[in-house]
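An overview of the molecular structure
The residues making up each chain are set out below.
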Amino acid sequence: MDLDLSSVEAFRAEVRDWLARNVPATPLPSLETEKGFAAHREWERRLGAARLSAVSWPEAYGGRGASPLEWLVFEEEYYAAGAPGRVSQNGVNLLAPTLFAHGTPEQLARVLPPMAAGEVIWAQAWSEPGAGSDLAALRATATRTDDGWRLNGQKTWSSRAAFADRGFGLFRSDPASERHRGLTYLMFPLDADGVTVRPIGRLDGKPAFAELFFDDVFVPGDDVIGEVGQGWKAAMSTAGNERGLTLRSPGRFLAAAERLVALWREHGADPLLRDRVADVWIKARAYRLKGFETISRSDDIGAESSVNKIFWSELDVELHETALDILGAEGELEGDWLEGYVFSLAGPIYAGTNEIQRNVIAERVLGLPR
Amino acid sequence: MKFVLDAEQRLFGETLHKLLTEAGTPGVIRSWAAGEHDRTLWTALAQAGVFALAVPERHDGAGPRPIELVTAMVELGRHAVPGPVVETLAAAALFEGVGDEELSAEWLPRLAAGHAVVSLVPPSAEEAPPCRALDADVADLVLLTEGEGLWSARPEGTPRRSIDPARRLFTVTPAAPLASGPAVREAAAAAYDLGTLACAAQSLGVGRALLDITVAYAGTRRQFGRSIGEFQAVKHHLANAFTGLEFARPLVYGAAVSAGSPEFARDVSAAKVAASDAAYVTARIALQVHGAIGYTDEYDPSLWIRKAVALHSAWGSPANHRARLMKALS
């Protein structure tokens, strides 16, 4: 057992150096606004040109073939440098892992390079009005045609969809099917004929997600991922990634915890808030070490990934609540900490609510009866 | 980088688990609490190599091996082993740090072999100690540090009773000087960090056992015609306990890995806060899920519940360690 990171120090230094030279001096506008989205897309192009937008992918698709440890280190440096939020996240962290597991070589070659280059930004389209935590209740349909599929129905809470280029999600391809069966995983253009995007303002009014309406939207057969009717299986490989380390890496919280400690000091190191700041720092460190433990294991963590999702989402809320309390009367005012707070409040809800994650842990990890 | 136990370390933990399962620790705990201080288990632990982990090879030990020490203490916590185990391990670090070869040669080989039971007052630099030592009447030697002085000490009067019936805390007073000088102050700090790490690992083991016991109980106890583990309220309690323990573990082992580095004290404090909080939360949940039976003295799981409460404040309260951590971050 060791925590020897010397093998990745050269990589760390290279990333740190590039970020020091390239991270914008003034923060970009919020990525949940039209202007901010464009600025973040431009930033993705710069990252992509340096082959830093998806370091763990193979070189052929625009990555660097980085090891999981190198990826963790990249994330530490990325957030420590105060680099912009990742507008490409749905594609890089959710869709790409599914393509690597279930996609064809043609799909990988067609979809991944423009994703890495920041040319195509992806939105996720999981939930429907009647299918939130109970995702298997979804009803949007995909009907086979001679040369592809026709999509009909509605998706909602589709993050980044207000300004993104393409989306991915599950559609019921067998009208007689129920629940997890008869679903197909499809990619679709958000500007196709028949797609209506209605942006939804999140808690602070910014259009961070959208409703999608499908009216006979044509999708070619090449945009089915995995087997027709086997979409649930393919999606679950993505869900594991979403709940595991990749959606919110430890580096993000380490950097935020350091900023919280600095904020606490700048505001007079109030002893009444000391223990809360300490707990946030401890938890950020715990998540970092848990990440090292996870990538050191030889077995698949499976349902245990749910524990990560609960932990980082609650840590994120705790961290930002503490920051707002440090700011006192200024806490309610627009600013980076408030933006982070609003973002954090969604964490316990998306990617499977924390209540669902607790059920998963109780039943599949601890073995309690269903 | 490989941040998981290797096969040999896992085997060591499994061997101790087997030994302690066969020893039937609930009976040992109750005897210890009743004042019968049989050393059979202590000797068995010494033979398994537990105390040697804090003793250097030149004094017949195998240490320092902080990762194995944590592995052992997790198992001892899992079985709620009574006695001044943490104190004896910390005493080894204290002797080693003081560097008086005569003292070390007198005590360390005996300590490693399980022939000397040592207690001490946790030598915290931050907290004004109440000068209490665990099981001081049982110990062959009781240690007390004051500034640059190391003393042997003697217990006074009858012990204060802890919520953990197996923990008996004695007020001690200095008896005879053993060593003095700046090395004592440094050695005391090192001993405090090692003892705190051992206590954190012990808490983690206590919490782990409580989770296992309670999951098993929730799966078998029936009310309203079904097992209570089917109820979501119970499931979520247990998922919360699991989450806390899962994230305390890497902090405890991470602190062990950082032994000898400038971050050790900071990392030990983080580990102690997380492990003792996680064990305490698990104890509360264990009590709630067991219901009234868990609240009884006679029911064995209450031995673990009570130990979790006691260890929460032993070797520095969480507030103390949070303060120490924040100081280290500046």
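Above: the structure in question.
**Section: the side chain of Asp223 of chain A**
Residues and elements named next belong to chain A.
- Within the secondary structure layout, Asp223 lies in the loop between strand E7 (209–220) and strand E8 (224–225).
- According to the relative accessible area criterion, Asp223 is buried, its value standing at 5%.
- In contact with Asp223, not counting residues within four places along its chain, are Gln107, Arg110, Arg166, Tyr185, Leu186 and Met187.

**Things to note about the sheet that holds strand E5 (residues 168–180) of chain B**
Residues and elements named next belong to chain B.
- Pairing in this open sheet of 5 strands is mixed, and the strands run E1-E3-E4-E5-E2 from one edge to the other. Where the open sheet ends on each side, the last strands, each with one partner, are strand E1 (118–120) and strand E2 (132–134). Averaged over all pairs of adjacent strands, the angle between strand axes in this sheet comes to 45°, irrespective of strand direction.
- Bridge count between strand E3 (residues 141–146) and strand E4 (residues 149–161): 4 bridges; the pairing is antiparallel. Note that in E4 the partner of Leu144 across the bridge is Trp151.

**So, the nonpolar core**
- Core analysis: the largest hydrophobic core is formed by 175 residues, its most contacted members being Leu45, Met73, Leu94, Leu143, Leu238 and Val252 of chain B.
- Broken down by element, the residue count for this core peaks at 19 residues, all from helix H7 (residues 182–220) of chain B.
- If we ignore the near neighbours within four places in the chain, the residues touching Leu143 of chain B are Ala91, Leu94, Phe95, Val118, Ser119, Leu120, Val121, Leu150, Trp151 and Leu178 of chain B.
- Counting residues in hydrophobic clusters, the runner-up holds 29 residues, among them Trp126, Ala131, Leu138 and Ile225 of chain A.

**With respect to the packing of helix H4 (residues 89–102) of chain A against helix H5 (residues 105–116) of chain A**
All names here are of chain A.
- Where H4 contacts H5, the axes come no closer than 11 Å and their chain directions differ by 165°. When the axis of H4 is compared with that of H5, the two are roughly antiparallel. Handedness of the crossing formed by H4 with H5: left-handed. Of H5, the residues touching H4 (which contributes Gly91, Val92, Leu95, Ala96, Leu99 and Phe100) are Gln107, Leu108, Val111, Leu112 and Met115.

**Thoughts on the interface of chain A and chain B**
- With 42 residues of chain A in contact, the opposing surface of chain B contributes 42 residues.
- For the pair chain A and chain B, the number of links is 5 salt bridges.
- Glu363 of chain A is paired through a salt bridge with Lys235 of chain B; the nearest N and O atoms lie 2.6 Å apart.
- Where chain A meets chain B, there are 14 residue pairs in polar contact (both at pLDDT 80 or more).
- Sorting elements by how many residues they give to the side of chain A that touches chain B places helix H8 (residues 271–296) of chain A first, with 16 residues.
- A breakdown of the residues in the side of chain A that touches chain B according to their chemical character gives 24 nonpolar, 3 polar and 15 charged.

Parameters at a glance
Residues numbered from 1 in each chain as written. Chains lettered and ligands numbered in written order. Predicted model: local features only at pLDDT ≥ 70, side-chain atom pairs only at ≥ 80, totals over all residues. Heavy atoms only, no water. Helix = DSSP H or I, 4+ residues; strand = E, 2+ residues; numbered from the N terminus. Buried < 20%, exposed > 50% of the residue type's maximum accessible area, 1.4 Å probe, protein only. Contact = heavy atoms within 4.5 Å. Pairing = 2+ DSSP bridges. Axes fitted to C-alpha atoms, helices over the stretch in contact; angles between N-to-C directions. Core = buried A, V, L, I, M, F, W, Y, C linked by side-chain atoms within 4.5 Å. Parallel < 35°, antiparallel > 145°, perpendicular 65-115°, else oblique. Left-handed = near helix turned anticlockwise from the far one by under 90°. Salt bridge = Lys/Arg side-chain N within 4 Å of Asp/Glu carboxyl O. Polar contact = N/O pair within 3.5 Å; in protein donor to acceptor, adjacent residues only side chain to side chain. Nonpolar A, V, L, I, M, F, W, Y, C, P; charged D, E, K, R; others polar.

No statement about biological role is implied by the geometric values presented.
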